[in-house]
Amino acid sequence: MHVPFIRNHQYNFIKNQANAVLHALRSVNDRKVVESVRYSAQTKVAELFPDITDNRKTMLESISELKTAEDVQQYLQALEPYLLAFPQMTETQIRKLFPKNKKLKLPDLSQIDFRFVSYLSWTDISSNKMFIVYPEGGQFVGVEGRFTATNKKSFCFVCNRFEELTLFSAVSKKRPANASPDYYNSVGNYICMNGHECNKNLTDVTPLERFIRSVLGE
């Protein structure tokens, strides 16, 4: 029985390390350099799961033994049964996160492979809004804000990859003491327009979690 323990962003990180080993094998002639890349990949992957000591540790560390593209593919496929999917949620649960949006348009949840999702996002063109749902502390949190297409590529603050971006701006719920009734503070950043691609590239959820906390006022 496969007990899932690898989150999507960790799987993406492992995939990057496996590809780094393959790239070194193809482009570097110095054997010592190649072995250094192998060792680095093995060490970095092991550091993701410091408490694992059973056969899963052996499986993960076999990244240092990869030699061909086929090896990489088989290695990653062997990890897929251990992927810890984004927690199941219903449309009703999502709507409760955004109670002020009575006509909230939702993505088709049945078409999403939640094994490869770190955060759920979608846009509503009619209202010019973007919505983000993220599991935090055993429950879901939702963030909504305006999105402004940039029509250009740059680095996404979430996945740090060079992609087509949109400016996502949300009103922070944090208010200073004695703030006036009309006070508000907008928190914004540049994020991938395509959430699916962002989830495929994401290797560290820290920037996203920091942004969400800044909006929620935590």
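These notes cover the structure that comes with them. (Residues numbered from 1 in each chain as written. Predicted model: local features only at pLDDT ≥ 70, side-chain atom pairs only at ≥ 80, totals over all residues. Heavy atoms only, no water.)

## Concerning the overall build of the protein
A count of helices and strands for the protein gives 7 helices and 5 strands. Counting only C-alpha atoms and orienting by the principal axes, one finds that the protein spans roughly 65 × 40 × 35 Å. Out of the 218 residues in the protein, the part that is buried amounts to 38%. Counting contacts in the protein only where the partners sit at least 6 residues apart, residues at least 24 apart contribute 60% of the total. (Helix = DSSP H or I, 4+ residues; strand = E, 2+ residues; numbered from the N terminus. Buried < 20%, exposed > 50% of the residue type's maximum accessible area, 1.4 Å probe, protein only. Contact = heavy atoms within 4.5 Å.)

## Side note on the nonpolar core
In this structure, Tyr-119, Cys-156, Val-158 and Ile-191 are the most contacted members of the largest nonpolar core, which totals 25 residues. Those elements giving two or more residues to this core turn out to be strand S2 (129-136), strand S3 (139-155), strand S4 (162-172), strand S5 (185-192) and helix H7 (206-216). For this core, the leading source of residues is H7, giving 5 residues. Filtering out sequence-adjacent residues up to four positions away, Tyr-119 remains in contact with Phe-86, Ile-132, Val-133, Tyr-134, Val-158, Ile-191, Gly-195, Cys-198, Asn-199, Leu-202 and Leu-208. Counting residues in hydrophobic clusters, the runner-up holds 21 residues, among them Ile-6, Val-72, Leu-76 and Leu-83. (Core = buried A, V, L, I, M, F, W, Y, C linked by side-chain atoms within 4.5 Å.)

## Observations regarding the pattern of salt bridges
Pairing between side chains of opposite charge can happen when the charged atoms of each approach one another. Under the counting rule described, the total for this entry stands at 7 salt bridges. Between Asp-54 and Arg-56 there is a salt bridge, with the nearest N and O atoms lying 3.1 Å from each other. By relative accessible area, Asp-54 is classed as partly exposed at 34%. For Lys-129, the salt bridge is made with Glu-144, and the minimal N-O distance between the two is 2.8 Å. Note that Lys-129 is positioned in strand S2 and Glu-144 in strand S3, a separation of 15 residues in sequence. Judged by its relative accessible area of 25%, Glu-144 is partly exposed. Taken together, the salt bridges that share partners define one network made up of Glu-80, Asp-113 and Arg-115. (Salt bridge = Lys/Arg side-chain N within 4 Å of Asp/Glu carboxyl O.)

## Concerning unusual backbone geometry
Working note: non-glycine residues mostly have negative phi, and peptide bonds are mostly trans. Here Asn-128, not a glycine, exhibits a phi torsion of approximately 60°, which is positive. With respect to the helices, strands and loops of the structure, Asn-128 is situated in the loop between strand S1 (120-124) and S2. Unlike most non-glycine residues, Asn-151 shows phi in positive territory, near 55°. Structurally, the position occupied by Asn-151 is in strand S3. With a relative accessible area of 67%, Asn-151 lands in the exposed category.

## Here's the deal with the packing of helix H1 (residues 8-27) against helix H2 (residues 31-48)
With their axes 9 Å apart at the nearest point, H1 and H2 run at an angle of 175° to one another. Between H1 and H2, the angle falls in the class roughly antiparallel. For the pair formed by H1 and H2, the contact residues are Gln-10, Phe-13, Ile-14, Gln-17, Ala-20, Val-21, Ala-24 and Leu-25 on the first element and Val-34, Val-37, Arg-38, Ala-41, Lys-44, Val-45 and Leu-48 on the second. Of the residues assigned to the contact of H1 with H2, the class counts are 11 nonpolar, 2 polar and 2 charged. (Axes fitted to C-alpha atoms, helices over the stretch in contact; angles between N-to-C directions. Parallel < 35°, antiparallel > 145°, perpendicular 65-115°, else oblique. Nonpolar A, V, L, I, M, F, W, Y, C, P; charged D, E, K, R; others polar.)

## Thoughts on H1
The first and last C-alpha atoms of H1 sit 28 Å apart over 20 residues, in line with the 28 Å expected at 1.5 Å per residue. Of all the positions in H1, only Asn-8, His-9, Gln-10, Tyr-11, Asn-12, Ile-14, Gln-17, Ala-18, Val-21, Leu-22 and Ala-24 are classed as buried. Looking at the buried side of H1, the elements it contacts are H2, helix H3 (55-61), helix H4 (69-79) and helix H6 (195-201). (Expected span 1.5 Å × (residues − 1).)

## Overview of H7
By the burial criterion, the buried members of H7 are Leu-208, Glu-209, Phe-211, Ile-212, Val-215 and Leu-216. Taken around the axis of H7, the buried residues stretch over an arc of 160°, which confines them to a single face. (Arc of directions from axis to C-beta.)

## A few points about the pairing of S3
Two strands pair when backbone bridges link them, and S2 and S3 are joined in this way by 8 bridges, in the antiparallel orientation. Bridge pairing in S3 places Pro-135 opposite Phe-140. (Pairing = 2+ DSSP bridges.)

Function-wise, these values are silent; they only describe arrangement.
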